[in-house]
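Inside the fold
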Amino acid sequence: TKFLLTGGSGFIAAHILEQLLEAGHTVVTTVRSEPKAAPIRKAHANDISSGKLEVFIVPDINAPGAFDNVVKSPNIELVLHTASPFHYKFSDPQTELLDPAINGTTSILRAVTASCPTVKRVVITSSFASIINDTYITDPNFTFSEKDWNPITPDQIYTSKANAYRASKTFAEMSAWKFVEEEKPGWDLATICPPLVFGPLAHHIDSLLEVNTSNERIVGLAEGHWKENGIPPTAVYFWVDVRDVAKAHIQATLVSEAGGKRFLVTAGYFCHDDMVEAVGKEFPSLKEKLPQVGTENGVLPPADKICKVDNERATKVLGIDWIGIGKSTVDTVKSLDKVDKLI
Ligand code: NDP
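Okay, so let's go over this structure. (Residues numbered from 1 in each chain as written. Predicted model: local features only at pLDDT ≥ 70, side-chain atom pairs only at ≥ 80, totals over all residues.)

Looking at the pairing of strand S7 (residues 188-193)
Within S7, five of the six residues are buried, leaving the element largely enclosed by the surrounding structure. By the bridge criterion, three bridges tie S7 to strand S10 (residues 262-264) in an arrangement that is parallel. Directly across from Cys193, in S10, lies its bridge partner Leu264. (Buried ≥ 20, exposed ≤ 12 C-beta atoms within 10 Å, placed from the backbone. Helix = DSSP H or I, 4+ residues; strand = E, 2+ residues; numbered from the N terminus. Pairing = 2+ DSSP bridges.)

Things to note about the environment of Met275
Positionally, Met275 belongs in helix H9 (residues 272-282). When the C-alpha positions of Met275 and Val330 are compared, they lie 8.2 Å apart, and in sequence the two are 55 residues distant. Aside from chain neighbours lying at most four places away, what touches Met275 is Ile218, Leu221, Ile325 and Thr329. (Contact = placed C-beta atoms within 7 Å.)

With respect to the sheet that holds strand S2 (residues 26-31)
Overall, parallel pairing links the seven strands, which are arranged S3-S2-S1-S4-S5-S7-S10 in an open sheet. The sheet is open, and its two edges are formed by strand S3 (53-57) and S10, each paired on a single side. If you compare each strand with its neighbour and ignore which way they point, the axes differ by 15° on average. Strands strand S4 (78-81), strand S5 (121-125), S7 and S10 of the sheet are contacted by helix H8 (residues 242-254), whose axis makes an angle of about 165° with S7. (Axes fitted to C-alpha atoms, helices over the stretch in contact; angles between N-to-C directions.)

See the structure below:
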């Protein structure tokens, strides 16, 4: 089966790419620049030479017709759109976050609809950011699931960087469902909504300063910043391992029942003390860099001050057997240690 995967240089996408190639699929992937393409070509040299993998440069997903060239690749059947900015290093949320998130999404959907009659399904990487509603975060009687939409409004994008990111994901996902409703294309849509994603790196980075946003906190932990400066606030108490996120994307393209559905892809609760304890147990050399456990930012809020989450649809329809936070943290630290010595 031939897949189109956008943003192949990303943390999550690199795992999707690895799993697709391992399963024997053919992949066309897009990246922003030649320096992003080179490590992918090197890591998958055999697949490049056998024609199983093609890497296209799409410099700006926000440009009109950005994907028009790549969709000329013949016989694409399944599309995975992961490319979207996830960082807080922007000055203008509209042009740097929302525009590429939303226009990137509508642009790939338009290009696929116009030029790829063989496409059967499109899966988009959305986020728990498009589900979360701050009103219910501390409500023990509220369970978040795929039925929920973040009620964020465009005027809130300037209130905080987190709100800008959440808005970018919410509006991008909404624009995809709206496209399907209005255009009635010959393919169906599924969206993957993960909360915080941790896990080992399958993409290339030159230094830990370039680590993806969600793994930054594990770098901070392993480098001793949590001990020096205190454990940072958790912000979101739900998480998932990147290998499960990748599997969820692929299953969502392949399982017929997944069509037309959103998937809240999460292993459930985690707290920062879970990470501290896993690192302490596995890496004796890091013990002296670890903070004390049992402090406010290390533990979950009391049961009567925290909402719940429902991962039943992803567990059943996509068949995910969730990786635990201990293994995920340990595997992440080992992987980060290969970029810059940590252990
Ligand atoms: P990364 O930053 O590693 O990946 C982001 C990907 O999008 C990269 O391929 C990046 O390209 C590309 N990208 C970002 N901005 C642009 C732009 N303006 N134009 C073109 N390409 C762009 O993070 P993740 O792998 O974590 O993110 C992948 C997806 O998963 C995103 O849609 C994100 O919103 C979503 N997500 C992530 C979560 C997490 O906790 N990690 C949780 C929920 C959702 P480049 O490599 O060149 O920077």
